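# Secondary and tertiary structure notes
One-letter residues, chain by chain:
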Amino acid sequence: MHEVNDPAGVRGASPASGALHASGSQTADAQQHTEQEARATRRGSERHSVLIGSLSSIKAELSVLIIIDTIIVFILSWVMLKWGLSEWISFPVTMLVALGITYVFSRGLTAQLREIRDAAESVSDGDYQARVYGATHSRDEIGQLARSFNIMAEELEHSDSMRRDLIANVSHELRTPVAALQAQVENMADGITKPTPANLESILTQTQRLSDLIAFLLDLSRMEAGAASLEITDFDLRDFLDETIEPLEIADGGHNHTITLSMQHDITMQGDPDRLRQLFTNIISNALKHSANNTEVLIETREDRQHDTVVVNVVNFGSQIPVSARNDIFRRYVKDKGGRPGTESGGTGLGLPIARWAAQLHGGNVKVVDDPRGADFEITLPKHHPDSDEA
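Residues numbered from 1 in each chain as written. Predicted model: local features only at pLDDT ≥ 70, side-chain atom pairs only at ≥ 80, totals over all residues. Heavy atoms only, no water.

## Details of the packing of aromatic side chains
Considering all chains together, one arrives at two aromatic pairs under this definition. Geometrically, the ring pair formed by Phe235 and Phe240 is tilted, given 5.1 Å between the ring centres and 45° between the ring planes. Measuring from centroid to centroid gives 5.8 Å for Phe240 and Phe280, while their planes differ by 75°, and the two rings are edge-to-face. A residue pair is termed long-range when its members are at least 10 positions apart, and Phe240 in helix α7 (residues 237-251) and Phe280 in helix α8 (residues 273-289) qualify at 40 residues. One exposure class covers both Phe240 and Phe280, and it is buried. (Phe/Tyr/Trp six-rings, centres within 6.5 Å; stacked < 30°, edge-to-face > 60°. Helix = DSSP H or I, 4+ residues; strand = E, 2+ residues; numbered from the N terminus. Buried < 20%, exposed > 50% of the residue type's maximum accessible area, 1.4 Å probe, protein only.)

Here's what the structure looks like:
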């Protein structure tokens, strides 16, 4: 899975900081998870004693139950009348038998609902490891609900875990430049060092790092809120991409990557340059990160006149993204787990989600498409923004 490289440059936390949130909660989480599994096992054994859940629809199961009840009551009534029993005796007996059959068969239904209810209460109390087990074997709507609930719980557990990691990472990244600034300023105040251009440049570098991190956190809050303002202007796409690529080539350092821009003709489009620069910076940086040294990253641009859109493909040669992972990499906090070629590691797992968010703000999208050359991120943006006067 591709790892995200965001403009703030956030790196992974140290082992000590990464253990801060894990060591204190592993035991309690394990105990809660074990208790949940034990409860689910008991409920699962109860569920297998009935036939509810064997059909694909609750309506069908209830219809079968009514038919079985009717047949049994009819047969029992006929037998008791044939034996000459009074109606005052046969009627209550048949009613009790019908109620007993309904109770036995409905236990499976109510047990599954109780299991889902208990799991939902656990999740509402903050136990994101709670899962539904027995009900997931049902083929009816309750089984579908149980499986959907488990997917939701997994997403909540994943987000909660990654949020804790993000807090640890950001705390680490904030502490480093703040400590450096404090030390440099204290040395100047004590007369140990002088405010030379070199020392002031070092201070400026640390403040820029802090500014980038604060901007990154602001973008995260805007993405969480699902909205942000856009300042739409007309701009030349070639000049815009050249300006975006230049600092990335400088930051690439000694990896010796070649960024090639392929554009058949000049394109003028509308959009928010700052938001779009954020989009392209994240996508191109991600491609550089996952390209081996001395390789090329290709940026192809074309205009789709039929749909009035601009399509940009960012390709890093060699590495591929499995089809099953192409949606996951745009989820928040998803990071690379290794095994892919590249030059760096770390990150917060937010660069690609922020890139897609910036594209969607413009009415566009970012996706991974099939390409035998390598991982291909296709960015589609409207040439004319719908909120502009020229749209």
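## With respect to the environment of Pro353
Note on placement: Pro353 falls in helix α9 (residues 351-361). For the pair Pro353 and Val366, spaced 13 residues apart in the sequence, the C-alpha separation amounts to 9.5 Å.

## Remarks on a negative patch on the surface
Residues Asp239, Asp242, Glu246 and Glu249 make up a contiguous surface patch of negative charge. Along the polypeptide, Asp239 turns up in helix α7. Accessibility expressed as a relative area gives 43% for Asp239, which makes it partly exposed. (Patch = residues over 30% accessible without salt bridge, like charges linked within 9 Å, V, L, I, M, F, W, Y side chains within 5 Å. Areas by Shrake-Rupley, 256 points an atom, 1.4 Å probe, with all protein chains shown as cover. Salt bridge = Lys/Arg side-chain N within 4 Å of Asp/Glu carboxyl O. Lys, Arg positive; Asp, Glu negative; His and termini not counted. Charge placed at Lys NZ, Arg CZ, Asp CG, Glu CD.)

## Details of the confidence of the model for the chain
In the predicted model, the chain carries a mean pLDDT of 76, and 76% of its residues have values of at least 70. Here residues 1-28 is a poorly scored stretch, pLDDT under 50, and it has 74 contacts once near neighbours within four places are set aside; other chains count. Overall, residues 40-50 carries pLDDT values under 50, and its contacts beyond four positions in sequence, including any with other chains, amount to 21 contacts. (pLDDT = per-residue confidence, 0-100. Contact = heavy atoms within 4.5 Å.)

## What about the sheet that holds strand β2 (residues 258-263)?
What the five strands build is an open sheet, ordered β2-β4-β5-β7-β6; its pairing is mixed. Among the strands making up the open sheet, the edge pair consists of β2 and β6 (365-369). Averaged over all pairs of adjacent strands, the angle between their axes in this sheet comes to 20°, without regard to strand direction. Here β2 runs beside strand β4 (residues 296-304); their pairing, made up of six bridges, is parallel. (Pairing = 2+ DSSP bridges. Axes fitted to C-alpha atoms, helices over the stretch in contact; angles between N-to-C directions.)

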